[in-house]
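The chain contents come next:
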Amino acid sequence: MARSEFRYNRRRKHYSYLFKDVGSKRKNIILSSKPVRKEHKKIKRNVKLYKHPNPKTNKDVYLIPKVYIDENESFDKKREGWKFHPNDKRIVKRIKKK
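Below is a summary of the structure that appears in this document.

What counts, and at which threshold
Per-chain numbering applies: the sequence of each chain, read as written, is numbered from 1 onward. The predicted origin of the model limits local features to residues at a pLDDT of at least 70 and limits the giving and counting of side-chain atom pairs to 80 or more, whereas totals for whole chains, interfaces and linings rest on all residues. Hydrogens and water molecules were not included; the side-chain quantities draw on all heavy atoms of the structure. Two rings belonging to Phe, Tyr or Trp (six-membered ring only in the last case) form a pair when the distance between their centres is within 6.5 Å. Interplanar angles under 30 degrees mark stacking, angles over 60 mark edge-to-face geometry, and anything in between is tilted. Strands are runs of DSSP state E lasting at least two residues, helices are runs of H or I lasting at least four, and both sets are numbered from the N terminus onward. Think of it in three bands: with a 1.4 Å probe and only protein chains considered, a residue is buried below 20% of the maximum accessible area for its type, exposed above 50%, and partly exposed in between. Two strands are counted as paired when DSSP detects at least two bridges linking them.

**With respect to the packing of aromatic side chains**
- Going through the model one piece at a time under the given rule, you end up with 7 aromatic pairs.
- Relative to Tyr17, the ring of Phe6 has its centre 5.3 Å away and its plane inclined at 50 degrees; by these criteria the two rings are tilted. Residue Phe6 is located in strand 1 (residues 2–9), and its partner Tyr17 is located in strand 2 (residues 14–22); the two are separated by 11 residues in the primary sequence.
- Seen from their ring centres, Phe6 and Trp82 are 5.7 Å apart, and the 50 degrees between their planes marks the pair as tilted. Of this pair, Phe6 sits in strand 1 while Trp82 sits in the loop between strand 9 (75–78) and helix 1 (86–97), and the two are 76 residues apart along the sequence.

**Focus on the pairing of strand 8 (residues 68–71)**
- A one-sided burial pattern is seen for strand 8, the buried positions being Tyr68 and Asp70 and the unburied ones Ile69 and Glu71.
- The pairing of strand 3 (residues 25–32) with strand 8 spans 4 bridges and is antiparallel. Of the residues in strand 8, the one forming a bridge with Lys27 is Ile69.

**Description of the pairing of strand 3**
- Of all 8 residues in strand 3, 6 are buried, a share of seventy percent or more.
- Bridge count between strand 2 and strand 3: 6 bridges; the pairing is antiparallel. If you follow Lys20 over to strand 3, its bridge partner there is Lys27.
- Hairpin connection between strand 2 and strand 3: a loop of 2 residues separates the two successive antiparallel strands, and Gly23 in this loop has a positive phi of roughly 65 degrees.
- The sheet contact formed by strand 3 and strand 7 (residues 62–63) spans 2 bridges and is antiparallel. Paired with Leu31 across the bridge in strand 7 is Leu63.

As structure tokens, this is what we get:
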């Protein structure tokens with residue numbers, strides 16, 4: 001079943017974009033406010049989005065270009081009104097296919 005929604009991921013402590021159900025788990029992409037992250041002593045770059053998915057804020061937001069799989073219980077309620085800008089949908093689509 002296809003899914004397209006934003007929720008807060010309590011396990012990873014970031015907002016995330018949920019896009020697919022796999023049994024009782026959910027595939028998701030994490031949103032971050034920082035341009036870089038550390039993974040195994042290496043600096044990795046996050047992908048900058050054109051516009052924040054939350055229509056009430058104008059802050060810079062980045063996507064961590066990695067698909068995570070988490071349990072359904074690790075997510076809060078759905079964020080209504082959040083959506084990707086058309087310029088960002090192509091970036092998200094490429095991350096989902098990796």
